[in-house]
Every structure is written in C-alpha cells, then in structure tokens.
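Now for the letters of each chain:
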Amino acid sequence: MDERDKLIKAKQQWARDGRLLTGTHADPEQDRLPPGQRLVRDWPVLDLGNQPEVTPARFRLDIDGAVRRPISFNWAEYCALPVSESVSDMHCVTQWSRYDNRWKGVAASALLAMVEPISSAKHVIFHSYDGYTTNVRLGQFDAPDVFLVHEWEGAPITRQHGGPVRVLIPRLYLWKSAKWLRRIEIAGVDKPGFWERNGYHNNADPWMEERYG
Ligand SMILES: Nc1nc2c(c(=O)[nH]1)N[C@H]1C(S)=C(S)[C@@H](COP(=O)(O)O)O[C@H]1N2
Ligand SMILES: [Mo]
C-alpha cells in the first residue's frame, strides 16, 4: 500500500471513530475559533502527496457547465483579471486554525458574473491538476470572502500550498479549498469530491463541526 492509500485508510478510520469531535457547536459571529480547533502560527502543508508544477505556460483555468458564457483563461488572460485584497482565517479539519491571513486574488463573485450561471445551477465542483476534486454549493462559493488566491502575505502562493492559483473558502474546512486549480464546473446536481467520497462531510462547516459525513 502506498502513502496515499495509507492516508486515505487512516482518514476513513478517523471518520468511523469520530476522531477530534467535541460534540459542540458554535456561532461564527461570536466564537472566532471553531470547536475542537487550536491556533497555529505556521501554515502546515496537506495534500495527497503529488504537488504538480503548474508553470505559466501550462496554466489553464476553465469555468464551464451550467453557465451561459463558459470561459477559459491562459496565464496572461488570468493575470488581466481584477485583483482584490482580503484578510481571513483558515480552519483545517486536522484541527489547526490560522488567523489573519493576507491574500490577493480574484473574487469568486466577479468570475460568476462573467460566466452567468443558469437558473438550474446549484453546485460547484473544483478540479485540480493533481486529480483532486471537491464540491460546494453555489451559495458557498458566491460569497464576499471567497477568492481564487495567488498571493499570501505579500508573496506568490508556493507550489506546496497550491500555487499559482488555489481556491480559498474561509468559512469551510480547508479541504474545500482546492489547490492547483484547473477547472471550475458549475452544475445542476451535486458531485461529491475526493474526500467527500472518502468519509468527510459534504457541507464542512467548522462551527457545526461537520468533519465527517
Ligand atoms: N488539489 C488539491 N487540493 C487540496 C488537497 C489536495 O490533495 N489536492 N488537499 C486538501 C486538504 S485535505 C487540505 S487540509 C488543504 C491543505 O492546504 P495547505 O496544504 O495549503 O495547508 O488543501 C486541500 N486542497
Ligand atoms: Mo485536509
């Protein structure tokens, strides 16, 4: 069994055991730190072990599916998009949280305005260069604090953290924030992603402790 299979088996066991669950809920308006989390100062790296090198020449981002105007960017086209700055917290299901991360990126709402989802569009599936997938509801993606980010703390996002471009959805556990983003599929039906099929919760709200499905 290789490292990747071992990781998947371990996480499926965590899900069966309900590991790390405190059994409490919290209100994100009042409790900045979700239940069962602890603060870290560094930024741990977590993925399936295959960190693709996405060079500017190789970079493509497609946004398609249940939209009126599907779009495909190469690196130069992507760099011409309007960039916003934001500050947000990160919460990982493996129990670490990191406050006040400074990001630069393209607002999810701006991208959605360009592609114009049709009325039956309800879900978003992210596809990455390493084969990873993860899914959210359209409303979870279409939120003011959601960005495709390319800078963290004033420097380009490193390859190990999913650069050049990754998703950032601060109010969901970090496995929903796809690294090495390749495609955003807008869909009428939900399609559980990699960890959602391997024991993690479909909704992933840290304040509700939605760790396992
Ligand atoms: N493409 C891709 N994105 C991914 C993953 C992955 O394996 N591949 N792992 C997810 C998981 S499980 C976590 S916890 C976060 C970790 O992001 P980080 O390594 O930048 O902390 O990325 C998420 N996004
Ligand atoms: Mo994770």
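Being a predicted model, the structure only gives us computed values, none of them experimental.

Visitor: What is the right way to read the nonpolar core from this model?
Guide: Nonpolar side chains tend toward joint burial in soluble globular proteins. Counting residues in each nonpolar core, the largest one holds 33 residues, and the members touching the most others are Leu61, Tyr78, Phe126, Phe141, Leu148, Ile184 and Ile186. Elements represented by at least two residues in this core include exactly strand 2 (60–65), helix 3 (108–115), strand 6 (123–128), helix 4 (138–141) and strand 11 (181–187). Here the element with the most residues in this core is helix 3; it accounts for 4 residues. If we skip the residues at most four places from it in the chain, Phe141 touches Ala108, Leu112, Val124, Phe126, Val136, Val146, Leu148 and Ile184. The next biggest cluster of nonpolar side chains, apart from the first, holds 14 residues, and it includes Trp14, Leu20, Leu48 and Tyr200.

Visitor: What is the right way to look at the sheet that holds strand 7 (residues 133–137) in this model?
Guide: What holds strands together in a sheet is hydrogen bonding between their backbones, with the strands either parallel or antiparallel. An order of 3-2-11-6-7 is seen for the 5 strands of this open sheet, with the pairing classed as mixed. Each edge of the open sheet is held by one strand with a lone partner, namely strand 3 (71–74) and strand 7. Between one strand and the next, the sheet's axes are offset by a mean angle of 15 degrees, whatever the strand orientation. As defined by bridge partners, strand 2 adjoins strand 11 across 4 bridges and the pair is classed as parallel. Residue pairing in the sheet places Asp64 in a bridge with Glu185 of strand 11.

Visitor: Would you take a moment to explain the pairing of strand 8 (residues 147–152) for this structure?
Guide: The side chains of a regular strand alternate between both faces of the sheet. Among the 6 residues that make up strand 8, 5 are buried, leaving the element largely enclosed by the rest of the structure. As paired elements, strand 5 (residues 96–107) and strand 8 share 5 bridges and run antiparallel to each other. Bridge pairing in strand 8 places Ala107 opposite Phe147. Pairing geometry for strand 8 and strand 10 (residues 166–168), over 3 bridges, is antiparallel. Bridge pairing in strand 10 links Val149 to Arg166. In this sheet, strand 9 (residues 155–156) lies alongside strand 8 in antiparallel orientation, the contact comprising 2 bridges. Across the sheet, Trp152 pairs through a bridge with Ala155, a residue of strand 9.

Visitor: For this particular structure, what's the right way to read the site of ligand 1?
Guide: Close contacts around ligand 1 come from 20 residues, with Pro44, Asp130, His161, Arg166 and Lys179 the closest. Between an oxygen atom of ligand 1 and a main-chain N or O atom of Leu46, the distance comes to 2.7 Å. In the model, a nitrogen atom of ligand 1 is placed 2.7 Å from a nitrogen or oxygen of the Asp130 side chain. Coverage of ligand 1 by the protein amounts to 98% of the 540 Å² it exposes when considered alone.

Visitor: What is the right way to read the environment of Ser84 from this model?
Guide: Looking at the element boundaries, Ser84 is found in strand 4 (residues 84–91). When the C-alpha positions of Ser84 and Val149 are compared, they lie 9.2 Å apart, and in sequence the two are 65 residues distant. Here Ser84 is in contact with Trp103, Lys104, Gly105, Ala107 and Phe147, once residues within four sequence places are set aside.

Visitor: Would you mind showing me how to read the side chain of Lys179 here?
Guide: Within the fold, Lys179 resides in the loop between strand 10 and strand 11. A distance of 3.2 Å separates the side chain of Lys179 from the backbone oxygen of Leu46, its partner in a polar contact. At 2.9 Å, the side chain of Lys179 and the backbone oxygen of Gln160 are in polar contact. In this view, Lys179 contacts Val45, Leu46, Asp47, Ser128, Gln160, His161, Gly162, Val165 and Arg166; residues no more than four positions away in its chain are not counted.

Visitor: Sorry if this is basic, but what is going on with the packing of aromatic side chains here?
Guide: We describe a pair of aromatic rings using the distance from one ring centre to the other and the angle between the two ring planes. Enumeration according to the criterion identifies 13 aromatic pairs in this entry. Through successive ring pairs, a cluster of aromatic residues spans Tyr132, Tyr173, Trp175, Phe194, Trp195, Tyr200 and Tyr212. The aromatic ring of Trp195 is capped on one face by Lys11, whose charged end is 5.9 Å from the ring centroid.

Thresholds, definitions, all that
Residues numbered from 1 in each chain as written. Chains lettered and ligands numbered in written order. Predicted model: local features only at pLDDT ≥ 70, side-chain atom pairs only at ≥ 80, totals over all residues. Heavy atoms only, no water. Core = buried A, V, L, I, M, F, W, Y, C linked by side-chain atoms within 4.5 Å. Buried < 20%, exposed > 50% of the residue type's maximum accessible area, 1.4 Å probe, protein only. Helix = DSSP H or I, 4+ residues; strand = E, 2+ residues; numbered from the N terminus. Contact = heavy atoms within 4.5 Å. Pairing = 2+ DSSP bridges. Axes fitted to C-alpha atoms, helices over the stretch in contact; angles between N-to-C directions. Near = heavy atom within 4 Å. Polar contact = N/O pair within 3.5 Å; in protein donor to acceptor, adjacent residues only side chain to side chain. Areas by Shrake-Rupley, 256 points an atom, 1.4 Å probe, with all protein chains shown as cover. Phe/Tyr/Trp six-rings, centres within 6.5 Å; stacked < 30°, edge-to-face > 60°. Lys NZ or Arg CZ within 6 Å of the ring centre and 35° of its normal.

In short, the description is geometric, and any link to function would need to be established separately.
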